[in-house]
Amino acid sequence: MPLVKKNKRITISDIAGLAGVSKSTASLVLNGRSKQYRVSDDTRDRILALANEHHYQPSIHARSLRSTRSHTLGLVVPEMTNYGFAVIARELETLCREAGLQLLIACSDENPAQEMMAVNNLVQRQVDGLIVASSQLNDAEYQKINASLPVVQMDRVINGSSLPLVITDSVSSTAQLVETVARQHPDEFYFLGGQPRLSPTRDRLAGFRQGLENAGVSARDEWIISGNYHPSSGYEMIAGLCARLGRPPKALFTAACGLLEGVLRYLTQHQLMDSDIHLCSFDDHYLFDCMTLKIDTVAQDCRGLAQHSFELATQLIDERPPEHNALYLPGSIHWRHAGSLALLGQR
């Protein structure tokens, strides 16, 4: 049986041999320093033509050895299928590519132990910095890592952490949305959240309570229901709530798009999309504009989260002091429900 021939990666030595020059001369040309070291135009053009013909690509490992950097950035998110995290990852990848960096992405699946395994793997790959949406209870491990490479918190804040932070101010925007909806449904308004230990749940619940208070509505303990941020949890919570009430709730706020996905799946399967439920959520999706069931939402500035996290991380990598160690971006409300639009029109 004939052996399969392996494709050989073209090297600087190969280019130098084909061009009839030394490896150092080829290296000067391929690293853009031919003019500085007075390499002739004919030699430069011959080397560049051969490199292009043979699809030569410089070794990232050799580049790292020369500069003591890997030119890579690590991103850790709980779930890549989450629309918001997917948008942020896409924006970060574009920013890295334009800056000549590589983005390495890892998922924690909301599991603190799995998260640290992913982080340690990225550190072993010698990333220059980390951007993390963490599910950790404390930042002890990240503080150790931060002693040797920058760690930026994004979208979530670890309890009491002093690490640099870029996050949405979800309390104010949630309170504004909830106040308007609560004025329409003061007798029944439920909250479906993720894990209470995570900052998104705490902040969005704080905004929910503040919105009720602003509307003159007293929150009832039975209105607050917690699970996790997987769509299956949203499905289970709305199923249990509908079973207890014997109908869909009058008004419902979900703390994240994943939970809303589970709620919509339940409503669809049980032919409840035409019910009178007033549905609202933190996180937005462009498909909500196409639905017959109108959903009021708080939209995060995903592009801003990515841009500011990238800028903060690269400033710290370059040892430039950032202007702000913590940045809170405003959320924007998308009003779609007829009752909300009517009430806003009366103000």
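Everything numeric in this text was worked out from a predicted model, so none of it was measured.

A. Spotlight on the domain arrangement of the protein. Looking at the protein, the domain boundaries give domain 1 (12-58) and domain 2 (169-301 + 333-345). One C-alpha centre belongs to domain 1, the other to domain 2; they are set 62 Å apart.

B. How the structure looks around the sheet that holds strand β9 (residues 278-282). Reading across from one edge, β7-β6-β8-β9-β10-β12 is the order of the six strands in this open sheet, with mixed pairing throughout. Edge positions in the sheet fall to β7 (224-226) and β12 (332-334), since each has one partner strand and no second. Taken pair by pair, the neighbouring strands of this sheet meet at an average axis angle of 15°, ignoring direction. When strand β6 (residues 190-193) meets strand β8 (residues 251-254), the two strands line up parallel, connected through three bridges. Its bridge partner being in β8, Y190 is matched across the sheet by L252. Contacts between helix α8 (residues 170-184) and the sheet are confined to β8, β9, β10 (295-299) and β12, with β9 contributing the most and set at about 175° to the helix. Set on the sheet, helix α10 (residues 231-245) makes contact with β6, β7 and β8; between it and β6 the angle comes to about 150°.

C. Quick look at the sheet that holds strand β11 (residues 326-330). Ordered in space as β2-β1-β3-β4-β5-β11, the six strands form an open sheet in which the pairing is parallel. Two strands in the sheet have a free side with no partner beyond their single neighbour: β2 (102-107) and β11. On average, each strand axis in the sheet is inclined to that of its neighbour by 20°, with strand direction left out of account. The sheet contact formed by strand β1 (residues 72-77) and β2 spans six bridges and is parallel. Note on β2: the bridge partner recorded for L75 is I105. Against the sheet, helix α5 (residues 83-98) touches β1, β2, β3 (129-132) and β4 (151-154), its axis set at about 160° to β2.

D. Expanded view of the pattern of salt bridges. Within the structure shown, the criterion is met by 13 salt bridges. Across the pair R90 and E91 runs a salt bridge whose closest N-O atoms are separated by 3.8 Å. With a relative accessible area of 14%, E91 lands in the buried category. We note a salt bridge from K144 to E141, for which the minimum N-O separation is 3.4 Å. Here K144 and its partner E141 are both found in helix α7 (residues 140-146), three residues apart, which amounts to about one turn of the helix.

E. Here's a closer look at the pairing of strand β5 (residues 165-169). By the criterion of burial, β5 is predominantly enclosed, with four of the five residues buried. Pairing geometry for β4 and β5, over two bridges, is parallel. Residue pairing in the sheet places M154 in a bridge with V166 of β5. Pairing of β5 with β11 involves five bridges; the strand directions are parallel.

F. Fine view of the environment of P248. Note that P248 resides in the loop between α10 and β8. Residue classification places P248 among the buried positions, given a relative accessible area of 16%. Distance from P248 to H278, taken between C-alpha atoms, is 9.6 Å for residues 30 residues apart in sequence. Every residue in contact with P248, bar those within four places of it in the chain, is listed here: E188, C242, L272, S275 and I277.

G. Region of the structure containing the side chain of S281. Along the chain, S281 turns up in strand β9. Looking at S281, its side chain comes within polar contact range of the side chain of T254, at 2.7 Å. Excluding residues that lie within four positions of it along the chain, S281 makes contacts with L177, F253, T254, A256, C257, L260, I295, D296, T297 and V298.

H. Spatial organisation of α8. Taking 1.5 Å per residue as the helical rise, α8 with its 15 residues ought to reach 21 Å, and the 22 Å between its terminal C-alpha atoms agrees with that figure. For α8, the set of buried residues is S170, S173, T174, A175, L177, V178, E179, T180, V181 and A182.

I. Structural detail: the packing of α10 against helix α11 (residues 257-269). Between α10 and α11, whose axes approach to 6 Å, the crossing angle comes to 50°. Classified by the angle between their axes, α10 and α11 sit oblique to one another. Judged by the twist between their axes, the crossing of α10 over α11 is right-handed. The residues of α11 that touch α10, namely those facing P231, S232, S233, G234, Y235, M237, I238, A239 and C242, are G258, L259, E261, G262, V263, R265, Y266 and Q269. The residue inventory of the contact of α10 with α11, partitioned by class, reads nine nonpolar, six polar and two charged.

Parameters and conventions
Residues numbered from 1 in each chain as written. Predicted model: local features only at pLDDT ≥ 70, side-chain atom pairs only at ≥ 80, totals over all residues. Heavy atoms only, no water. Domains from an automatic or database assignment. Pairing = 2+ DSSP bridges. Helix = DSSP H or I, 4+ residues; strand = E, 2+ residues; numbered from the N terminus. Axes fitted to C-alpha atoms, helices over the stretch in contact; angles between N-to-C directions. Contact = heavy atoms within 4.5 Å. Salt bridge = Lys/Arg side-chain N within 4 Å of Asp/Glu carboxyl O. Buried < 20%, exposed > 50% of the residue type's maximum accessible area, 1.4 Å probe, protein only. Polar contact = N/O pair within 3.5 Å; in protein donor to acceptor, adjacent residues only side chain to side chain. Expected span 1.5 Å × (residues − 1). Parallel < 35°, antiparallel > 145°, perpendicular 65-115°, else oblique. Left-handed = near helix turned anticlockwise from the far one by under 90°. Nonpolar A, V, L, I, M, F, W, Y, C, P; charged D, E, K, R; others polar.

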